[in-house]
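Here are the chains, one letter per residue:
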Amino acid sequence: MNNKQQAIAEIEDFLQSNDAGLLITGTNQYKKHILIMAMLNKYYKNKHILFRINAMMNISDQNFTPLKKQPKAGERVKLGNNYYYFDAFTSSATWSKTVGNYDFAIVYPIDSMCRENKMKAIEELFNFRAIGKTFFCSWTDVKDNDYTIISEYYNRHIIYDAADEDLAYHNRVLEIIGGQYQ
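Description of the structure in this document. Computed from a predicted model, the values in this text were never measured in an experiment.

### Quick word on the overall build of the protein chain
Tallying secondary structure elements over the protein chain gives 6 helices and 7 strands in all. Starting at the N terminus and ending at the C terminus, the protein chain contains elements arranged as α-β-α-β-β-β-α-β-α-α-β-β-α. A globule of 182 residues ought to have a C-alpha radius of gyration of about 16 Å, and the protein chain, at 15 Å, matches this closely. In the protein chain, which comprises 182 residues, the proportion classed as buried is 50%. Residue pairs at least 24 apart in sequence account for 77% of intrachain contacts in the protein chain once pairs closer than 6 positions are excluded. Just so you have it, the protein chain exposes about 8,900 Å², and 47% of that area is on carbon and sulfur atoms.

### Observations regarding the packing of aromatic side chains
Enumeration over the complete set of coordinates arrives at 10 aromatic pairs. Ring geometry for Phe 104 versus Phe 135: centroids 6.4 Å apart, planes at 35 degrees, classification tilted. Taken together, the residues Phe 104 in strand β5 (residues 101–108) and Phe 135 in strand β6 (residues 130–137) connect sequence positions 31 residues apart. According to the relative accessible area criterion, Phe 104 is buried, its value standing at 4%. In textbook terms, an aromatic cluster arises when at least three aromatic residues are bridged by ring pairs, as seen for Phe 14, Tyr 44, Phe 104 and Phe 135. Taking NZ or CZ as reference, Arg 76 lies 3.9 Å from the ring centre of Tyr 83, over its face. For the cation-ring pair, Lys 78 lies above Tyr 83, with the distance from its terminal atom to the ring centre recorded as 4.5 Å.

### Points about the pattern of salt bridges
Evaluated as defined, the whole model comprises 7 salt bridges. Across the pair Lys 31 and Glu 165 runs a salt bridge whose closest N-O atoms are separated by 3.7 Å. With Lys 31 in the loop between β1 (21–25) and α2 (32–43) and Glu 165 in the loop between β7 (156–159) and α6 (167–176), this pair connects stretches of sequence that are 134 residues apart. Note that Lys 118 and Glu 116 form a salt bridge whose closest N and O atoms lie 3.3 Å from each other. Residue classification places Lys 118 among the exposed residues on the basis of a relative accessible area of 51%. Taken together, the salt bridges that share partners define one network made up of Arg 52, Asp 87, Glu 124 and Arg 129.

Conventions we followed
Residues numbered from 1 in each chain as written. Predicted model: local features only at pLDDT ≥ 70, side-chain atom pairs only at ≥ 80, totals over all residues. Heavy atoms only, no water. Helix = DSSP H or I, 4+ residues; strand = E, 2+ residues; numbered from the N terminus. Rg over C-alpha atoms; globule rule 2.2 N^0.38 Å. Buried < 20%, exposed > 50% of the residue type's maximum accessible area, 1.4 Å probe, protein only. Contact = heavy atoms within 4.5 Å. Areas by Shrake-Rupley, 256 points an atom, 1.4 Å probe, with all protein chains shown as cover. Phe/Tyr/Trp six-rings, centres within 6.5 Å; stacked < 30°, edge-to-face > 60°. Lys NZ or Arg CZ within 6 Å of the ring centre and 35° of its normal. Salt bridge = Lys/Arg side-chain N within 4 Å of Asp/Glu carboxyl O.

The structure is reproduced here in structure tokens:
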């Protein structure tokens, strides 16, 4: 089973490796990026993390971050032990506000980018920034999401399912995606 403990162990291994990119998929729709944020908080202090989200207005949504107030694009925000900078992959105007080097980047949710083959937001990350490690997080792994189009940017793929934490939720997600997933 692809449970939380297995995901934690695989993320820990990734953090200790020389690999630069990790794709995380699975039925735990809103907890994959939260788990990554928690692990970065546990193991690192004062690191700079770029969070490229689908829309700036989602930052203050409890499903995306614990922030109650939406920061401006590029604004430095202390979350736990680390500093986060947000921009939106749907708005290239926000990218110029987060120029620089980052220890980590989180890109969530990658579904629409992969489904619609809109790679500009990912290409920009690798062409104009220096990032230590990048996490690509899916939301709902429907078969139309072709994650192989970003395969040049990640070395590892892990799956984090909700079955052990909430079996009914896990089954609902599987039903929504037709029982198939990447």
